[in-house]
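Working through the structure, step by step
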Number of protein chains: 2
Amino acid sequence: MEAKQECFVEKLNHSDCAKSLLPVRDALDALNGKWKLQIVISLMFGNKRFTQIAKEIPNITDKMLSKELRDLEAHQLVKRTVYDSIPVVVEYTLTEHGRSLRDLIDVLRSWGIKHRNQVMGKVEASEAEEVEA
Amino acid sequence: MEAKQECFVEKLNHSDCAKSLLPVRDALDALNGKWKLQIVISLMFGNKRFTQIAKEIPNITDKMLSKELRDLEAHQLVKRTVYDSIPVVVEYTLTEHGRSLRDLIDVLRSWGIKHRNQVMGKVEASEAEEVEA
DNA sequence: CAGTATCCTGCACGATACTG
DNA sequence: CAGTATCGTGCAGGATACTG
């Protein structure tokens, strides 16, 4: 068995396993659902207002956007700021913590590309899949 | 070209965005559902037979285990091997590709731990609180 | 503009029984 | 042992209407 870098799996017995799975679940849950990922990515392009986000995400309903934003806020990934103007302006921002999703998403994306190539049968060029310019 | 660190998001406009999201979705989908993660982790401890896996994952039903294993097999993450003994023995194995989930899961886990600390209010000294207007 | 309030539908998942 | 087959349910998510 090859000794990879410190994979937590290596150190655990089965009863520990369920517990050590929890953080993984937490991470997955944070991006859970049909829309959170798109919302987060959208906010990586800059702070947005409710309607702006809605316009950028095809087919999302107000209800879902509202709900997902509240979820993201509860998870401290997104900050909601109300400006007391007339009419009221509400701005959504990624928190510092929310911005930390970037690296995670990049890792997911890299694996996803590998995965797609694998399933498509292209196994040869494993490293040649950088984003094309 | 060492720029491994930079986020793909930086380079994209919004219309590209949806497309670049697909691999991320692929990755998330590969671990989608209530049981896949546990099954994969279970197989990281060694090759297993159907009933063995079932015993290690509390509350999973035969139906769900069967279905999820078929999903994982379709995604080439798990290999199913039938040994022609009597009675028949079926062994489940992680493929090389399936083993590549290890690093991904570790990254998810790391972020998950950070996330939990963040939400619990324990912000490490390494990271300043992001409260400001 | 920035959302709620209702109502509805499909599908993920569960319970239980059966089989080669 | 290694699974199907059937039936049932909750809830994520959608459609549409309404509001301060």
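Provided above is the structure to which this section pertains.
A short tour of the structure in this document, coming up.

Conventions and cut-offs
Residues numbered from 1 in each chain as written. Chains lettered and ligands numbered in written order. Predicted model: local features only at pLDDT ≥ 70, side-chain atom pairs only at ≥ 80, totals over all residues. Heavy atoms only, no water. Near = heavy atom within 4 Å. Polar contact = N/O pair within 3.5 Å; in protein donor to acceptor, adjacent residues only side chain to side chain. Helix = DSSP H or I, 4+ residues; strand = E, 2+ residues; numbered from the N terminus. Nonpolar A, V, L, I, M, F, W, Y, C, P; charged D, E, K, R; others polar. Salt bridge = Lys/Arg side-chain N within 4 Å of Asp/Glu carboxyl O. Buried < 20%, exposed > 50% of the residue type's maximum accessible area, 1.4 Å probe, protein only.

With that settled, the discussion passes to the protein's contact with DNA strand C. Near DNA strand C lie 17 residues; those nearest to it are Ser-66, Arg-80 and Tyr-92 of chain A together with Lys-34 and Lys-63 of chain B. At 3.3 Å, a side-chain N or O of Arg-70 of chain A approaches a phosphate oxygen of DNA strand C. Listed by contribution, the elements that provide at least two residues to the surface near DNA strand C are α3 (50-56), α4 (62-74) and β3 (89-94) of chain A together with α4 (62-74) of chain B. A total of four residues in the surface near DNA strand C trace back to one element, the largest contributor, which is α4 of chain A. Within the surface near DNA strand C, the residues separate by chemical class into seven nonpolar, three polar and seven charged.

Here the focus is the protein's contact with DNA strand D. With respect to spatial proximity, 17 residues lie near DNA strand D, and among them Lys-34 and Lys-63 of chain A together with Ser-66, Arg-80 and Tyr-92 of chain B are the closest. The protein-proximal atoms of DNA strand D, defined as those within 4 Å of the protein, are 67% sugar or phosphate. The contact in question runs from a phosphate oxygen of DNA strand D to an N or O atom on the side chain of Arg-49 of chain B, over 3.0 Å. Those elements that place two or more of their residues in the surface near DNA strand D are α4 of chain A together with α3 (50-56), α4 and β3 (89-94) of chain B. It is α4 of chain B that provides the largest number of residues to the surface near DNA strand D, a total of four residues.

Once their charged atoms are close, side chains differing in charge can pair, the charge on each being opposite to the other. Per the stated rule, a full pass over the model turns up 14 salt bridges over all chains. Taking the shortest distance from any N to any O, the salt bridge between Arg-116 of chain B and Asp-26 of chain A comes out at 2.7 Å. With Arg-116 of chain B in helix α6 (residues 101-120) and Asp-26 of chain A in helix α1 (residues 14-30), this pair bridges two chains. On the basis of relative accessibility, which here comes to 36%, the residue Arg-116 of chain B falls in the partly exposed class. For Asp-26 of chain A, a relative accessible area of 15% puts it in the buried group. Residues Glu-56 of chain B and Lys-48 of chain B are paired through a salt bridge, measuring 3.1 Å at the closest nitrogen-oxygen approach. A single salt-bridge network, built from bridges that share partners, covers Lys-36, Lys-67, Glu-68 and Asp-71 of chain A.

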